[in-house]
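# Summary of the model geometry
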Amino acid sequence: MSQITLNANLAPYHTFGIDCQAKVLVKANSVAELISIYQNDDWQYLPKLPLGSGSNMLFTSDFEGVVVLNRLKGISVTEDGDFWYLECESGEDWPDLVEWSVKQGLHGLENLALIPGCIGTAPIQNIGAYGVEFKDVCDYVEYLDLTTLQVVRLSMDECQFGYRDSIFKKGLYGNALIIKVGLKLAKSWQAKFQYGALQNLITGEPTSVKIFEAVKETRQSKLPNPEVEGNAGSFFKNPVITKDLYKALKAKHPSLVAFEAPEGFKVAAGWLIDNAGLKGYQVGGARVHDNQALVIVNKGGATAQDVIQVARHVQQTVKQRYSVELEHEVRFIGRTQETCLHDVAMGL
Ligand code: FAD
Ligand code: EPU
């Protein structure tokens, strides 16, 4: 039987830690419970929102619907001569899985250490860090089709993964609740430690454990711990700009950090925000983080409106200075449905 709370405070369930309420909060421990939640006549006309660990969300107001907490648990491992296969229920914790797998000697997930969130949310924005993305280890993703309540399995190729993108943000948006993830880890492992500071932290033969420790150290040195200062990781995505704009910006700002990408140049949004002098910019309790300008932190008592005002100021300043449009990575959840920075800022 699912656990139900009415008029629940969501602050403990999302990493910004901002007070807000859900009309109904219901915890699902199995696919059968999920189905009964979506079939419940009392909630038929209420909007529903799947929630993992709440580490990529900003609730812009109270949610006038049913928040469905994903707590589906279980992991099993099989292997053949070439791969380990991990079958994971979607409510399992991603960073716990990474740590456990590295300790077991199942290599392949080490670069993705310490990324908060549930395993089942990882495919949605194709989580990535330190030169590896979720797609590199994905075998399949299973979801509950929210129209038919049937289970569907997609292969890695069918998930249409891109930078912070997948089919779950496009064609299947709003109609798929991920219930299971299959990972495939190659036994013929190749160390990846060319990303930035990581290279200098690895000495001697690179091992999965060494990379895991180096990634942890790097992340802990720059990213704020949500348990200490609420945040949702990078607030904006790294934008891809045209070659012409890149050349013009690079001529004007030689220290600009950018990498060639298939569609142009991917620019470090953190560099843009930092070099616009916005580190430490604060409204109420929300502040551009002092170490990593791409992160907005809750210094204590921040409201969603504080975060929105900081984000809007950052977006406008970057646009004015560099002619670059920043798109937020964090998902904005409004009163009854997902919204966006542009729309909520208009309402302020
Ligand atoms: P939630 O925030 O709970 O949900 C995110 C979205 O997915 C919401 O729209 C929600 O409705 C939907 N959703 C949740 N569960 C399901 C489901 N089962 N089926 C369908 N929809 C669902 N991300 C990176 O890619 N790389 C990083 O290095 C990184 N570092 C971070 C560091 C910090 C300190 C923080 C706070 C965040 C970081 N993130 C990073 C972002 C975050 O960790 C990922 O986006 C993560 O996958 C979110 O998982 P979650 O379970 O918390 O998702
Ligand atoms: N930079 C600055 N000032 C800053 C922040 C960054 O100049 O305040 C520069 C750095 O010096 C570096 C470059 O920008 O040269 C890139 O910085 P970093 O290596 O910290 O990575 P990022 O681009 O800011 C991305 C992801 C992170 C991921 C890291 C590591 C996005 C939006 N963010 O950050 O993911 O952990 O790379 O791979 O792609 C997240 O998505 O929530 C997240 C934290």
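Attention here is on the structure that accompanies the text. Everything numeric in this text was worked out from a predicted model, so none of it was measured.

Analysis parameters
Residues numbered from 1 in each chain as written. Chains lettered and ligands numbered in written order. Predicted model: local features only at pLDDT ≥ 70, side-chain atom pairs only at ≥ 80, totals over all residues. Heavy atoms only, no water. Near = heavy atom within 4 Å. Polar contact = N/O pair within 3.5 Å; in protein donor to acceptor, adjacent residues only side chain to side chain. Areas by Shrake-Rupley, 256 points an atom, 1.4 Å probe, with all protein chains shown as cover. Helix = DSSP H or I, 4+ residues; strand = E, 2+ residues; numbered from the N terminus. Nonpolar A, V, L, I, M, F, W, Y, C, P; charged D, E, K, R; others polar. Pairing = 2+ DSSP bridges. Axes fitted to C-alpha atoms, helices over the stretch in contact; angles between N-to-C directions. Contact = heavy atoms within 4.5 Å. Phe/Tyr/Trp six-rings, centres within 6.5 Å; stacked < 30°, edge-to-face > 60°. Buried < 20%, exposed > 50% of the residue type's maximum accessible area, 1.4 Å probe, protein only. Expected span 1.5 Å × (residues − 1). Parallel < 35°, antiparallel > 145°, perpendicular 65-115°, else oblique. Left-handed = near helix turned anticlockwise from the far one by under 90°. Salt bridge = Lys/Arg side-chain N within 4 Å of Asp/Glu carboxyl O. Patch = residues over 30% accessible without salt bridge, like charges linked within 9 Å, V, L, I, M, F, W, Y side chains within 5 Å.

Among the 23 residues in the neighbourhood of ligand 2, the closest are listed as Y130, Y163, S234, D274 and Q292. Y163 is positioned with one of its side-chain polar atoms (N or O) 2.7 Å from an oxygen atom of ligand 2. Look at ligand 2: alone it shows 820 Å² of surface, and the protein chains cover 81% of it. Looking at the shell around ligand 2, the elements with two or more residues in it are α4 (208–222) and α6 (269–275). Among the elements that make up the shell around ligand 2, the one with the highest residue count is α6 (three residues). Class assignment for the residues of the shell around ligand 2 results in ten nonpolar, six polar and seven charged.

Attention shifts here to the sheet that holds strand β3 (residues 48–51). With mixed pairing, the four strands of this open sheet are ordered in space as β1-β2-β5-β3. The outermost strands of the open sheet, each flanked by one partner alone, are β1 (3–9) and β3. Ignoring which end each strand starts from, the neighbouring axes of this sheet average 25° apart. Note: strand β2 (residues 21–28) against strand β5 (residues 63–70), six bridges, orientation parallel. Residue pairing in the sheet places L25 in a bridge with V67 of β5. Its contacts with the sheet put helix α1 (residues 31–39) on β2, β3 and β5, and the angle it makes with β2 is roughly 145°.

Next up on the list: the site of ligand 1. Taken together, 32 residues sit near ligand 1, with P50, S55, P116, T121 and R219 positioned nearest. The backbone of G54 places a nitrogen or oxygen atom 2.9 Å from an oxygen atom of ligand 1. Counting only elements with at least two residues in the shell around ligand 1, the list comes to β3, β8 (128–129) and β12 (176–186). Across the shell around ligand 1, the residue classes break down as 16 nonpolar, 13 polar and three charged.

What follows deals with the packing of aromatic side chains. Taken as a whole and assessed by the stated rule, the structure comprises ten aromatic pairs. Pairing W271 with Y322 gives two aromatic rings, centres 6.0 Å apart and planes at 55°, and the pair type is tilted. Of this pair, W271 sits in helix α6 while Y322 sits in helix α7 (residues 304–322), and the two are 51 residues apart along the sequence. Comparing W271 with Y322 shows no difference in burial state: the two are buried.

The terminal C-alpha atoms of α7 lie 27 Å apart, and with 19 residues this matches the ideal 27 Å at 1.5 Å per residue to within 8%. Among the residues of α7, A304, D306, V307, I308, V310, A311, V314, Q315, T317, V318 and Y322 are the ones counted as buried. The positive-phi residue at the C-terminal boundary of α7 is S323, with phi of around 60°.

A word on the sheet that holds strand β6 (residues 75–79). Read from one edge to the other, the open sheet built from five strands follows the order β6-β7-β12-β10-β11, with strand pairing classed as antiparallel. In this open sheet, the two edge strands, each paired with only one partner strand, are β6 and β11 (151–155). Ignoring which end each strand starts from, the neighbouring axes of this sheet average 20° apart. For strand β10 (residues 138–145) and β12, the ladder comprises seven bridges, and the chain directions are antiparallel. In the sheet register, V141 faces β12, and the bridge partner there is V181. Relative to β12, α1 is tilted by about 155°, and along the sheet it contacts β10 and β12.

Relative orientation of the contacting elements helix α2 (residues 94–104) and α4 amounts to 150°, with a least axis distance of 9 Å. For the element pair α2 / α4, the angle class is roughly antiparallel. α2 and α4 meet at a crossing whose hand is left-handed. Along the contact surface, α2 presents V98, E99 and V102, while α4 presents S208, V209 and F212. A breakdown of the residues in the contact of α2 with α4 according to their chemical character gives four nonpolar, one polar and one charged.

Within a regular strand, side chains alternate between the sheet's two faces. The pairing of β6 with strand β7 (residues 83–89) spans five bridges and is classified as antiparallel. Across the sheet, residue V77 finds its bridge partner in β7, namely L86. In this structure, the hairpin formed by β6 and β7 is closed by a connection of three residues.

Another aspect to go through is the pattern of salt bridges. All told, the structure shown has 15 salt bridges when counted by the stated rule. With a shortest N-O distance of 3.2 Å, K319 and E325 are connected by a salt bridge. Residue classification places E325 among the exposed positions, given a relative accessible area of 51%. If you follow the salt bridges from partner to partner, you end up with E133, K135 and D136 in one network.

Turning our attention to a nonpolar patch on the surface. On the surface, a nonpolar cluster with roughly 240 Å² of combined accessible area is contributed by I75, V77 and W100. V77 sits in the partly exposed class, given a relative accessible area of 38%.

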